[in-house]
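# Structural description and commentary
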Amino acid sequence: GQQLNQSPQSMFIQEGEDVSMNCTSSSIFNTWLWYKQDPGEGPVLLIALYKAGELTSNGRLTAQFGITRKDSFLNISASIPSDVGIYFCAGPRGNFGNEKLTFGTGTRLTIIP
Amino acid sequence: GAGVSQSPRYKVAKRGQDVALRCDPISGHVSLFWYQQALGQGPEFLTYFQNEAQLDKSGLPSDRFFAERPEGSVSTLKIQRTQQEDSAVYLCASSREQGSEQYFGPGTRLTVT
């Protein structure tokens, strides 16, 4: 099935570093979502973006909705050990009320001790 | 608990066996979604319920997959005559109303041997 393309696929950083990742699509989305998934758990919503150009923060996380509506970016500042996990972008598709999500390929974040 | 729960958490089936995966959504949530997550991939949409009505089953891979939500709360995903390619984590999500945030359960990891 169709998936959004995320880069990088994986990141190895040291605690305290800033992190940037992005997500691109060949088609337009009207909403962009960023999720984090820990091992053995389901994805958890971090940030939701609803307007092209929108910049939204949630603590140390900042996400932007690209002007073209075909991309989005997620930044994490001053990374800490609990930031380890897989980050997915996602966008809803389908008719009104059926917000089935299309997910990205994921970015795996690892913190090197 | 207050979250989405799924059972069993792990299931091993021999090829050709039938399996049934259960999802208990958050109480009062109208919408319920099933997703399939292959190893190293993002979740992919399978099917969607609004109350007891299955409004979209476009993501079900074959007619061996069947989902139901007869009373508009608990849902069961059934896979008949399992094949090795069915091995994946099956995630359930629920949302309070149409278009609102989806809360994911921990998933059921299905391994077909």
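Preceding block: the structure.
For every chain, the first residue of its written sequence is number 1, and the numbers climb from 1 along that sequence. As a convention, the first chain written is A and the first ligand written is 1, with the rest following in written order. Per-residue local features are limited, in this predicted model, to residues with pLDDT of at least 70; the limit for side-chain atom pairs, both in listing and counting, is 80 or more; totals at the level of whole chains, interfaces and linings are taken over all residues. With hydrogens and water stripped out, all remaining heavy atoms of the structure feed into the side-chain values.

## Observations concerning the sheet that holds strand E7 (residues 65-68) of chain B
Residues and elements named next belong to chain B.
- Taking strand neighbours across the sheet as the criterion, the 4 strands line up as E1-E3-E8-E7 in an open arrangement whose pairing is antiparallel. Strand pairing shows two members of the sheet lacking a second neighbour, strand E1 (5-7) and E7, which therefore form its edges. Strand-to-strand, the axes of this sheet are offset by a mean angle of 15°, without reference to chain direction.
- Judged from the 4 bridges that link them, E7 and strand E8 (residues 75-79) form a sheet pairing that is antiparallel. Paired with Glu-68 across the strands is Thr-76, a residue of E8. Strand pairing requires that DSSP identify at least two bridges connecting the strands. Secondary structure follows DSSP: runs of H or I at least 4 residues long count as helices, runs of E at least 2 residues long count as strands, and numbering of each begins at the N terminus. The angle between two axes is taken between their N-to-C directions and runs from 0 to 180 degrees, where each axis is a line fitted to C-alpha atoms and a helix contributes only its stretch in contact.

## Some remarks on the side chain of A:Thr56
All names here are of chain A.
- Checked against the element boundaries, Thr-56 lands in strand E6 (residues 55-58).
- In this structure the side chain of Thr-56 is engaged in a polar contact, spanning 2.9 Å, whose partner is the side chain of Glu-54.
- The contact definition used throughout considers only heavy atoms, calling two residues in contact when any of these lie within 4.5 Å. Those residues in contact with Thr-56 that lie beyond four places of it in its chain are Ile-47, Ala-48, Leu-49, Leu-61, Thr-62 and Ala-63. Pairs of N or O atoms within 3.5 Å make up the polar contacts considered here, provided that, within protein, one atom can donate a hydrogen while the other can accept it, and that residues adjacent in sequence are counted only when both atoms are side-chain atoms.

## Examining the pairing of strand E3 (residues 19-24) of chain A
Residues and elements named next belong to chain A.
- Side chains Val-19, Met-21 and Cys-23 of E3 all project onto a buried face; the interleaved residues Ser-20, Asn-22 and Thr-24 project onto a face where none is buried.
- In this structure, strand E1 (residues 5-7) lies alongside E3, joined through 3 bridges in antiparallel fashion. Counted as the bridge partner of Gln-6 is Cys-23 from E3. For the exposure calls, accessible area comes from a 1.4 Å probe over protein chains only, and a residue counts as buried if that area is under 20% of its type's maximum, exposed if over 50%, partly exposed in between.

## Let's talk about the packing of aromatic side chains
- Stacked, tilted and edge-to-face are the three classes assigned to paired rings of Phe, Tyr and Trp, where Trp is represented by its six-membered ring and a pair needs centres within 6.5 Å; plane angles under 30 degrees give stacked, over 60 edge-to-face, the rest tilted. Within this structure, the stated rule accounts for 11 aromatic pairs over all chains.
- Judged by centre distance (6.2 Å) and plane angle (90°), the rings of A:Phe88 and A:Phe103 are edge-to-face. Taken as a pair, A:Phe88 in strand E9 (residues 85-93) and A:Phe103 in strand E10 (residues 100-103) lie far apart in primary sequence, 15 residues in all. For the residue pair A:Phe88 and A:Phe103, the accessibility class agrees, reading buried in each case.
- Arranged with centres 5.8 Å apart and planes meeting at 90°, the rings of A:Phe103 and B:Tyr35 form a pair that is edge-to-face. Remark: B:Tyr35 occurs in strand E4 (residues 31-37) and A:Phe103 occurs in strand E10; the pair is interchain, linking two chains.

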